[in-house]
Structures are given as structure tokens and as C-alpha cells.
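One-letter residues, chain by chain:
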Number of protein chains: 2
Amino acid sequence: MTLHAQSHDDAPNVLRLRRLGIDTYQEPVIYMAADCPVCRSEGWEAQARIAVTLPERSIIATLNVITGALLAPDEASLSESAWVALGARDGDRVVLSHPKPLVSLSDVRAKLYGRELDQASFERVIGDIATGRYSAIELTAFVAACAGGRLSLQETIALTRAMIGVGDRLAWPAPVVADKHSVGGLPGNRTTMIVVPIIAASGLVMPKTSSRGITSPAGTADAMETLAPVALDLPAMQRVVDREGGCIVWGGAVRLSPADDVIIRIERPLDIDSEGQLVASVLSKKAAAGATHVVIDVPIGPSAKIRTPESAESLGAVLTVVGQAVGLTLDVVHGDGAQPIGRGIGPALEARDVLSVLRGEAGAPADLRERALVLSGRLLELAGAVTSGQGHAAAASVLDDGRAWRKFQAICEAQGGMHEPPRARYTHTLVARSGGTLIDIDNRRLARVAKLAGAPKSAAAGLELHVRLGDTLEPDSPLITVHAQSPGELQYSLSYAGENLDLFRIENSGSLRPIP
Amino acid sequence: MTLHAQSHDDAPNVLRLRRLGIDTYQEPVIYMAADCPVCRSEGWEAQARIAVTLPERSIIATLNVITGALLAPDEASLSESAWVALGARDGDRVVLSHPKPLVSLSDVRAKLYGRELDQASFERVIGDIATGRYSAIELTAFVAACAGGRLSLQETIALTRAMIGVGDRLAWPAPVVADKHSVGGLPGNRTTMIVVPIIAASGLVMPKTSSRGITSPAGTADAMETLAPVALDLPAMQRVVDREGGCIVWGGAVRLSPADDVIIRIERPLDIDSEGQLVASVLSKKAAAGATHVVIDVPIGPSAKIRTPESAESLGAVLTVVGQAVGLTLDVVHGDGAQPIGRGIGPALEARDVLSVLRGEAGAPADLRERALVLSGRLLELAGAVTSGQGHAAAASVLDDGRAWRKFQAICEAQGGMHEPPRARYTHTLVARSGGTLIDIDNRRLARVAKLAGAPKSAAAGLELHVRLGDTLEPDSPLITVHAQSPGELQYSLSYAGENLDLFRIENSGSLRPIP
């Protein structure tokens, strides 16, 4: 008996891939038959972590065991994300082995035990995360180890640098590259689509990448997509910016801070906000996008992400210091986050608000216009394009004389052509059950109404908000109109609203009129 | 249009269950077709958490979306553990809905943010965990929030009480109920099978529940099962204890501390030891088993779970205080954890060591005998059966005069009949490449060799250890003999040993002889 009879060259651990079409979202899963000889000889059971290797690439996947007849003993299957990550095709033969233990998990344990991590540790962890080597459990352990203020300023800087290091980094032929970011949680906050054309029309470069809504009813990329293509690759994005000085594209098509894309999917379902991770997430994306001057919009409100002026101050201080450390000049702008901005919630409805502000229409939402002017003004001042105190007026002039609107249309054309946003087939308006002053809107549950109506997947879906805080309402005053593309989704959204009559609070009275 | 048209009574969200046979281990998963109308109208995507309801029971499962042809639009499937948890059968019609948000997740977040949790918080969290309401991500967040010494003594007591509260609690008609626990990590530590007959033969009650090996090559339940049935339900266990005063059964068949069973499966792959959670885990099981007097065996060694005398002291102090709080009288016994105990590693091989000690055979492993006598003696003293200082002698007398051996046979008979442990079909002995003094054994990698040979699933598999620390070896001295039931598993185990020649360290020389 010799020890080397069973080496990888003899490849006993080879199975043929067959596509079953199982979407597990992010977690790569490998499926093997319970009577598969590889599984048995390796002693693998469900939940084992397994290295799956093709000649060109290797991933680590979690084992699910097929006890039924879906797979033959010499077959394996992968979850949809694992097919993509491995670049595998139906019929490919994969080699299966025990993965090398991840050294970076010792760093995660050290952080859980309260030790401070250094730059090299964060690079190991983030490197493994970016290449998909962490299971959901391991990712959660890292996120939890950093949550609750457990990242020092030095660690936040190290994490940010590590996150920048694992992705692509864009470079622009301009000394000043403007950018903005809104710390989330406020529905309808679509200022980006107004700020970019104002800044670009003012002669600055602003190559904006935006996200799609994951837990929200719309991201900027979703709203913009109702007007023009947004899924541009890097060369296409560069052509638009060369021609127009700005763009508004979906960031998912360019690989900026890929570790953040992975981490964020764990943080959101847990709803844990780590100041350090938030800062690293935002700033790694900005630095990777090639920005030099960045305005950060921080809405403050009881159902926004940042709830008090004190947390906004604290966040602003960390953003500024970490920004400096990674070469970004930052300005943090606090704003009112007590109620949604604009009228629409949902991709097309938010796009309509934007168009109405850009076109200077009489009924354009004043709050959206004003917030966009404040942010644009601060960005113009930060970038040195106007003297301090002149930003707001300069931005207003570019908006009011039509330059911003022409620039927006030119950007849409450069991105592939402008079109009208869709309109929903079904609508229903909910009204106040009695009169009084509107004293509270629950933004989170309002967002939920829009999501149940189909937003952001259904671009036309969402809701129109007919009231603002402080409005005096009559009985039967319209509160919101729900928009949906199917009767089922409309019903679903209305049913949720009916169970949450207190999402509007009207002083001295009830709120929504229950529907008989 | 009325709001109440789509209520749950109309049950639009009903799908027919079809068994696909997918084992995801612990995490309950529901599979739905991508074109399933329920999925679409609810806006559910992969990874959504969904309440799955039958008239009698409801569980929360994670959604995986089937993009292939495995399911029709009106069908759903469940992972194997979810079928069991829901008590569902093929063809059953389930109602699907958005689960109510878990209030206890706010407690988890509070703990992550560094706040101290009270009894009510732990009860909420543990109640939801015990009923399977946490996803793997949520479980990990809780485990991580408590890791690294973040549980205060008060919190550890509260957690222990909460864990006792959610399971069954056994009661025995005796004022003193003896128990023992070994803090894991040391292969071959099968003292339980010797301590129980000594204690029972001494007239005390010792209804011992043990675990199976999850990450180790054998648990006491695995070793005992090679000699007698261990999967006894509560009435059967009670009959054995009534008749013989003691039993050695598998704890999985009785529902003691069910939350611990869930938590432990997340802690192990992460390899994070939380002192507080370890204490709560051990003591909740002891209290639930009805114990009053408990000896805790803490082996200390570089590759044991507890690595230094200081951590053993600290753990012992917490165990004692928390034990008192939940009504347990405890004694903590430190022991040498530098090398495996006994000769065998693997269920049947460890059972043979036990038999040889009980029968008083000449070649019986002296370390296993001595450790069992120390623990039995301390337990006899703690329970007041003998005066202080007389325990070891009393235990030795019960072992040496054959009473313990007769009691063990009687217990096996009462549990369903004693049989001989199986022998492996294939063995191979690895030898030292050169002479010298054996100065180190890596217990963890040695355990891995035994596991790759098939232990504990293959009861006869594992290894025999032919050497002890401090032995003087000649070149070609036998070190270990690997036992396996298939040539593949034998090869696999030997191949791993061949890549880890340093798992034995021999002074002034190499270690294992590489196999040509």
C-alpha cells in the first residue's frame, strides 16, 4: 500500500455538473447525491464547505445533500450564483476537495475576542470575502465582530483601504472629480439625478455610479433606468463622461469595492448599522470611483438611518477623518429626514419628480429642488468652482436657466437614449378617515407599501404622497395613491396599508379611513 | 375595491408541497418556482424569510428560487429538516405569508451594540431559537454578540435559565442525582462509560445523557452504541434508571435544552468559544436532565478546548457560580489534556478501551482508568456518599472487585442487550521515520486522521495510538494503526497523515516515516 495512490492527479473526486436551476441568492451551494461515492469517501455531510475546481477557477461552496432522485451518484449541481462565480457550464467535470482552512478566520475570531486588527488582517479578511470564500455564517461573524462601535478609527481606515484594494479603481483625466452620496433610509431622495446635471453643466466632472434598491422601493439606478439605460460597462461609462462631463449609471456593472457588495447583503437583513462599516462602505466606493471631492447627504429623522443630530455629528467626524486618510475631500450635509422627499416613491414616480424639477414645472416638489440645490451648492464650493457662500445661487442659476435640464437630456442621450417613464395600469387612492393636522409619517412602513405594490422590480409601481407633515387635513383628504401593474400587487399593498392605519398620524383623530 | 378581499381566508397564497429530497442540514429552506404566482405577487426573491403554515404548525423558512423545471408554478418544496419541523407530507397544501418580524432580533442588536440583556430578553431570543425561527445569519449574529467574554455573569445565568426553560426537564425520585460532563476537545476521553457503572454500583442515581460526535471522531453515545442501544426515549430511559440506578443514552432522543442543539451547530464551524455560552450550554443540559451534583472534567492542553490553567480557573469559577444559581452543586476537576486518553480513537476502538478497564485486563489503558477513578471519586465525595478524601479508594474498590463491570453489563442489558463492538476490515500501521523522544502529539490533527478513516459514522473506524508522550522511539516504531471499513477511506486517512508528518514531534528527528 502506498500513500500516494490517491492523489489529485488520479482525480477520484470528479463529478459531472448538471444544472438544476436553484437560486440561493449569494451563498454558493453545491448539490451532491447522498449515495455519491465522493461524498461518502470524504465523509462530507450537508453544510460541509467544499472546494469546487475547474482548470481555470476554484470556488468554495456549501454542501446540500440530495436524498431524492434529482442527481445521479456521479453528478453534482451548483446554485445559480455558484455557476456564475465558477464560470461553469452544464456537463463540466469538477474536482472536489477539502478547502484549505482560511487563515483570515483567525482574524475574525481575534476581532470577536476584542482584539484590534491591523491593515494586513483586514486585507486577508476582505480578500477572502471579495473572492467569495466566506460562508454566510462566516460573513455574519465578521460583520457582527465589527458592529456596535467596535471598529476604532484606525481600523475603519484599514478596512476602507482593504476594500478599495480588492476592486477596480477608476481614473479620470481631471484634477477635480465630484461625487455625492446619500446615507440611505429616506424614500424619494432622488437628488442625484438633479445634482449630476447641475455639476456637469457647471464644468466639473461627475461620473456617478448608483445602486439599485435592495431593501428600498427604488435606488437611483432604478429611477434613472426609467429614463435611459444605466447598465453601462466601464468603457461606455467613460465615453459618456468624456462627452458630457457626467453620467448616472448602475454601479453593479463596474467592479468597485466588490467586498462591500457581499457584506451589505448580510448587514441589511440583520439591520445592523456599524458606523465603521458604513463609512468603509461609502468611502471605499467613492475612492474606487476616482472621486476627489465628495458631499455626503445625511438625512436625520426617526425612521431614517441616522436618527439624531448627535449620531450625524459622530458619523460626519469619522467620514471626514477616514476620507482624508484615503485622499478624499469631504463635506457632510445634514438634512431633514422626517418625511419622504418629493412626491413619488418607486422608480418611475421618483423619475417624474426629477423631471418636473429639472423642467422647472409649476407643481415641482419644492423639497426635492431645494435639497438638490443645497447639495449641488456645497459640492461647487467644496470643489472650489465658486467662492464660499455662492454655491446655492450658482446651482439655482444653472437649474433655472435650463442648462441642467439640457445637460440631463444630453447625458441620457449619451447613455443610450432618453425615454418616458412608464405609467402603472392600476391605482387606488387612500384617504384620511377624519380631519386634523398630519404630525407623523412612518417612512419605513410607507416604503413597504410601495414595495408590496411591486417597486422597484415593477418600475411603474409605488405610490404618490399627497400630503406633507403639518398639513391640515379634512376627512377623506387623499393621503396616498398606490400604483401597481397587477391587481394582485395593488391588493397586497392596500391590504398591508389597511393593517397599518397608523402609518400616518393625524392629531386628535385616527388616520387612514378603513376600507369597508 | 375593498381592502379585505384578499384575506388569508381566501388563501391565495397556497402551494402544494412536493418532496425533492434536499438536505440543507439545519436551515429550513422553501423552494418555489421563479414563475410561481405567489412568489411574484409577494415580491419574494431568493433569501426571503417566509412563514410556511399548515393547520397545526408553522415554521419560518428561507426561500430558494427554482429557475429550472423542478417545480411547477403551483408547487413548493422544503428542505429535509423543514419537512420534519413542519410535520408536512408530500401533497400537503401550505399557506405562505410574510412572517411577523421577530421582536427578539432587537435584543440581538442591543447585545451587538454592547448593551446588557435581561432575563426577559434572553427568554425571547432563546424561545425563538428553540422554535427554529432564526436563520443561520441571525443565529450567528447572536452567537457573535455573546462571544469573546461579552456575557456578564448575570447574563450567563439568565441565558442558562432561558435555555433550561425552553426544553423538557427530567425529574428523578432521588434526593441526589449525579452527573458529569467533560469539556471537549480530547480524543478518547470515554470516562463516562466507566464512571456511570461505578457511581450506580455505589448506590447513587446517575441518568447520563451523552452526545454523538459532530466535529469529533466519537461522542460517548457513539462509543456506547457499539455495545448496546442508546437511542432510548424518556420512558425507556426511566425504566433503565429505575432498575439499575444509571444509564448511558443518547441525549438527542430526549429534548433537553433544544436551543443549545441549534446554537452549537453554528459555534462549531466558526470555532468560537464563548465562555458564557459554553457554561450555559453545559449547565442547561445538566439542570434539564434533573442533576443535582455534577463533576466537570476540564482537560487542559495545547490542542484541547481549554489551553491554560488560567482559563480553566476562570471557567471553573463561572461554572460554579452559575451552577449554584440554577440549583446545581458542582466540582470542577482539571486534568492533563496534552495527549489522547486511552489507546483507541473512534467509537468501537474507544469502547474496547472501556471494556478492558472495566474487566481489569492486564493491558488496560492506565490513564483512562485513573481519570475515571478521579472523576468517580470526586463525584462520590461531592454527593456525600463517602467522606472527603475517600472517593478515589472507594471508586477503585468498586471497579477492582468487579461490581462496576457487572453494573455496566446490567445497564447494557436494560438498554436492550449487550453486544461486541465491530472490528474494521482494513488497517494500516504508520511508523516513526527515526528514533528519539516523543515530545508532542497534535490531538486535533490526530482526530482528523480518525475522522477521515470514517469515524464516527463508521463505528469500527478510527485509529489505535501505540505511543505516549515521553516514550523513547526506535526508527520504525509503530505510532498509530488506522482502522477503516473501506479501502478508499483508509487511503484517504493515510494520505492526510502523509501530508501531516509533524502531527507527532520526535525530539532530534523527524516524525512519521514518509511512505514511498
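All figures in this text were calculated on a predicted structure; none of them were measured in a lab. (Residues numbered from 1 in each chain as written. Chains lettered and ligands numbered in written order. Predicted model: local features only at pLDDT ≥ 70, side-chain atom pairs only at ≥ 80, totals over all residues.)

(A) How the structure looks around the domain arrangement of chain A. Per the domain assignment, the segments of chain A are domain 1 (13-97), domain 2 (178-252 + 290-415) and domain 3 (426-506). The centre of domain 1 of chain A, based on its C-alpha atoms, is set 43 Å off from the matching centre of domain 2 of chain A. (Domains from an automatic or database assignment.)

(B) Summary view of the interface of chain A and chain B. Counting from both sides, the interface comprises 55 residues of chain A and, opposite them, 55 residues of chain B. Those elements that place two or more of their residues in the side of chain A that touches chain B are strand 2 (22-23), strand 5 (58-66), helix 3 (104-112), helix 5 (136-146), helix 10 (258-270), helix 17 (443-452) and helix 18 (487-499) of chain A. Taken together, the residues of the side of chain A that touches chain B break down into 27 nonpolar, 19 polar and nine charged. Pairing geometry for strand 5 of chain A and strand 2 (residues 22-23) of chain B, over two bridges, is antiparallel. Paired with Ile 66 of chain A across the two strands is Ile 22 of chain B, which belongs to strand 2 of chain B. (Contact = placed C-beta atoms within 7 Å. Helix = DSSP H or I, 4+ residues; strand = E, 2+ residues; numbered from the N terminus. Nonpolar A, V, L, I, M, F, W, Y, C, P; charged D, E, K, R; others polar. Pairing = 2+ DSSP bridges.)

(C) Spatial organisation of the packing of helix 14 (residues 366-382) of chain A against helix 15 (residues 391-400) of chain A. Residue and element names in this part refer to chain A. Where helix 14 contacts helix 15, the axes come no closer than 7 Å and their chain directions differ by 120°. Relative to helix 15, helix 14 is oriented so that their crossing is right-handed. On helix 15, the residues touching Leu 373, Val 374, Ser 376, Gly 377, Arg 378, Leu 380 and Glu 381 of helix 14 are Gly 391, His 392, Ala 394, Ala 395, Ala 396 and Leu 399. (Axes fitted to C-alpha atoms, helices over the stretch in contact; angles between N-to-C directions. Left-handed = near helix turned anticlockwise from the far one by under 90°.)

(D) Fine view of the sheet that holds strand 19 (residues 504-506) of chain B. All names here are of chain B. Taken in spatial order, the three strands line up as 17-15-19 in an open sheet, and their pairing is antiparallel. Two strands lie at the open edges of the sheet, namely strand 17 (472-473) and strand 19, each paired on one side alone. Relative to strand 19, strand 15 (residues 436-441) runs antiparallel, the two sharing three bridges. By the bridge assignment, Asp 440 is partnered in strand 19 with Arg 505.

(E) Layout of the pairing of strand 1 (residues 14-17) of chain B. All names here are of chain B. Where strand 1 and strand 7 (residues 93-97) come together, three bridges link them in antiparallel fashion. Bridge pairing in strand 7 links Leu 15 to Val 94. By the bridge criterion, two bridges tie strand 1 to strand 6 (residues 75-78) in an arrangement that is parallel. Residue Leu 17 lies in a different strand from strand 6, and its bridge partner there is Ala 76.

(F) The arrangement of the nonpolar core in detail. One finds Ala 453 of chain A together with Ala 453 of chain B to be the most contacted residues of the largest nonpolar core, which totals 284 residues. The next biggest cluster of nonpolar side chains, apart from the first, holds 64 residues, and it includes Ile 22 and Leu 78 of chain A together with Met 32 and Ile 50 of chain B. (Core = buried A, V, L, I, M, F, W, Y, C linked by C-beta atoms within 7 Å. Buried ≥ 20, exposed ≤ 12 C-beta atoms within 10 Å, placed from the backbone.)

(G) The relation of the copies chain A and chain B, seen in detail. Screw-axis analysis of chain A against chain B gives a translation of 0.0 Å along the axis, an RMSD of 0.0 Å, and a rotation angle of 180°. Expressed as an axis order, the relation between the two copies is that of a two-fold axis. (Least-squares fit on C-alpha atoms with pLDDT ≥ 70 in both.)

(H) Spatial organisation of the environment of Ala 110 of chain B. Residue and element names in this part refer to chain B. If you trace the backbone, Ala 110 turns up in helix 3 (residues 104-112). Take Ala 110: there are 15 C-beta atoms within 10 Å of it, and that puts it in the partly exposed class. Sequence spacing of Ala 110 and Ala 145 is 35 residues, and the spatial spacing of their C-alpha atoms is 9.0 Å. Once residues lying within four places of it in the same chain are set aside, the contact partners of Ala 110 are Arg 115 and Leu 117.

(I) Region of interest: unusual backbone geometry. Between Ala 455 of chain A and Pro 456 of chain A the backbone carries a cis peptide bond, its omega angle lying at 0°. You can see Pro 456 of chain A is positioned in the loop between helix 17 and strand 16 (462-465). For Ser 257 of chain A, which is not glycine, the phi torsion reads 45° and is therefore positive. Summarising the element assignment, Ser 257 of chain A is placed in the loop between strand 10 (246-250) and helix 10. Judged by the 31 C-beta atoms lying within 10 Å of it, Ser 257 of chain A is buried. Notably, Gln 47 of chain B is not glycine yet its phi reads approximately 90°, a positive angle. For Gln 47 of chain B, the location among the structural elements is in the loop between helix 1 (37-42) and strand 4 (49-53).

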